[in-house]
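# What the coordinates show
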Amino acid sequence: MDQVRPERPSRAVTALVAGWLGVLVGGAGIIVGTATAVVRVFGRDIELDYAGAGIVGGLGLVYLVGAVLLLRRRMLGRRMLVTMSAVMAGATLLVVVLNGSSHGWRLGPLDFWLALNVVILALSLSEPTRRWATTRQHGTG
């Protein structure tokens, strides 16, 4: 009797972590964008305006769609997460460097955002994630 070795769970871990981090970021973006718009409708004056709320919510939606597609083993989802996290990491790095050089270096929320995007990018680019996204099971779409 031949024994079949099941697929190691570590092969899918990078894709699952990248996917769920993308869901977290996407959900947070949608919540922040929606909450900002609602708060401004009721007359509260906050720094983020309607355009900013729309941008944050739209970016959150793109992250969320990419993450869900990746979790469904779609290569398009991986590509969306790679693109979004690379663009956001690059833009955030630019802001962190410019802000740090003019106002002094300190740890802040942008540094966390940069680190989160770098982690999503690294996990999305990893070979196990690429292989996992291309080996879809029959009947999954």
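How each quantity is defined
Counting restarts for each chain: residues are numbered from 1 in the order of the written sequence. A pLDDT threshold of at least 70 governs which residues receive local features in this predicted model, and a stricter bar of 80 or more applies before side-chain atom pairs are shown or counted, although totals over entire chains, interfaces and linings include all residues. Each side-chain value is derived from all of the structure's non-hydrogen atoms; neither hydrogens nor water enter the calculation. Any two rings among Phe, Tyr and Trp, with Trp reduced to its six-membered ring, count as a pair given centres within 6.5 Å; such a pair is stacked if its planes are under 30 degrees apart, edge-to-face if over 60, and tilted if neither. Only lysine NZ and arginine CZ atoms are considered, and such an atom sits over a ring when it is within 6 Å of the ring centre and within 35 degrees of the ring normal. Here a helix means four or more residues in a row that DSSP labels H or I, a strand means two or more in a row labelled E, and each is numbered from the N terminus. Every helix has an expected span of 1.5 Å times one less than the residues it contains. Burial status follows relative accessibility: with a 1.4 Å probe on protein chains alone, a residue under 20% of its type maximum counts as buried, one over 50% as exposed, and anything between as partly exposed. The residues that make up patches have over 30% relative accessible area and no salt bridge, and they are joined within 9 Å when like-charged or within 5 Å when they are Val, Leu, Ile, Met, Phe, Trp or Tyr. Here the Shrake-Rupley method, with its probe set to 1.4 Å, supplies the accessible areas, and only the displayed protein chains count as covering residues. When a carboxyl oxygen of Asp or Glu lies within 4 Å of a side-chain nitrogen of Lys or Arg, that pair is called a salt bridge. Only C-alpha atoms enter the line fits that serve as axes; for helices the fit covers just the stretch in contact. Angles between N-to-C directions range over 0 to 180 degrees. Between 65 and 115 degrees an angle is taken as roughly perpendicular, under 35 as roughly parallel, over 145 as roughly antiparallel, and anywhere else as oblique. Throughout, a crossing is termed right-handed when the near helix is turned clockwise from the far one, and left-handed when it is turned anticlockwise from it by less than a right angle. The criterion used for residue contact is that any of the two residues' heavy atoms lie within 4.5 Å. Under the convention used here, Asp and Glu are negative, Lys and Arg are positive, and both His and the chain ends fall outside the count. Each nonpolar core is a collection of buried residues, namely Ala, Val, Leu, Ile, Met, Phe, Trp, Tyr and Cys, held together in the definition by side-chain atoms within 4.5 Å.

Turning our attention to the packing of aromatic side chains. Applying the stated criterion across every chain yields a total of 1 aromatic pair. Taking the ring centre of Tyr 50 as reference, the NZ or CZ of Arg 40 above it sits at 5.3 Å.

With that out of the way, let us pick up helix α2 (residues 50–71). Between its first and last C-alpha atoms α2 spans 31 Å; for 22 residues at 1.5 Å apiece the expected length is 32 Å, and the two agree. Along α2, the residues classified as buried are Gly 52, Ala 53, Gly 57, Gly 60, Tyr 63, Gly 66, Ala 67 and Leu 70. In the segment just after α2, Arg 73 is the residue with positive phi, at about 65 degrees.

Where nonpolar side chains cluster on the molecular surface, the patch consists of Val 38, Val 41, Phe 42 and Tyr 50 and spans about 460 Å² of accessible area. For Phe 42, the location among the structural elements is in the loop between α1 (10–41) and α2. Residue classification places Phe 42 among the exposed residues on the basis of a relative accessible area of 72%.

Here helix α3 (residues 75–103) contains 29 residues, and its C-alpha end-to-end distance of 41 Å stays within 8% of the 42 Å for a straight helix at 1.5 Å per residue. Residues Met 75, Gly 77, Arg 78, Leu 81, Val 82, Met 84, Ser 85, Met 88, Ala 89, Thr 92, Val 96 and Gly 100 constitute the buried set of α3.

Direction vectors running N to C along α3 and helix α4 (residues 109–125) enclose 150 degrees, while the axes themselves pass 8 Å from each other. Comparing their axes, α4 and α3 come out roughly antiparallel. α4 is crossed by α3, and the crossing has left-handed handedness. Counting all contacts with α3, which are made through Arg 78, Leu 81, Val 82, Ser 85, Ala 86, Met 88, Ala 89, Thr 92, Leu 93, Val 95 and Val 96, the residues of α4 involved are Leu 110, Asp 111, Trp 113, Leu 114, Asn 117, Val 118, Ile 120, Leu 121, Ser 124 and Leu 125.

This next bit is on the pattern of salt bridges. A complete count under the given rule lists 3 salt bridges for this structure. Asp 45 is the salt-bridge partner of Arg 40, the closest N and O atoms lying 3.8 Å from each other. The partner of Glu 127 in a salt bridge is Arg 130, and the shortest N-O contact between them spans 2.4 Å. With Glu 127 and Arg 130 both in helix α5 (residues 127–134) and 3 residues apart, the pair spans about one turn of that helix. Judged by its relative accessible area of 37%, Glu 127 falls in the partly exposed class. Ionic contacts of the salt-bridge type, sharing partners, join the residues Glu 127, Arg 130 and Arg 131 into one network.

So, about the side chain of Arg 78. Within the secondary structure layout, Arg 78 lies in helix α3. The charged side chain of Arg 78 is buried without a salt bridge, its nearest counter-charge being Glu 127 at 6.6 Å. The contacts of Arg 78, once residues within four sequence positions are left out, are Leu 70, Ser 124, Leu 125, Thr 129 and Arg 130.

Counting 15 residues, the largest nonpolar core has Leu 21, Val 25, Tyr 63, Leu 70, Leu 81, Leu 116 and Ile 120 as the members making the most contacts within it. In this structure, Ile 120 is in contact with Ala 18, Leu 21, Gly 22, Val 25, Leu 81 and Ser 85, ignoring residues within four places of it in sequence.

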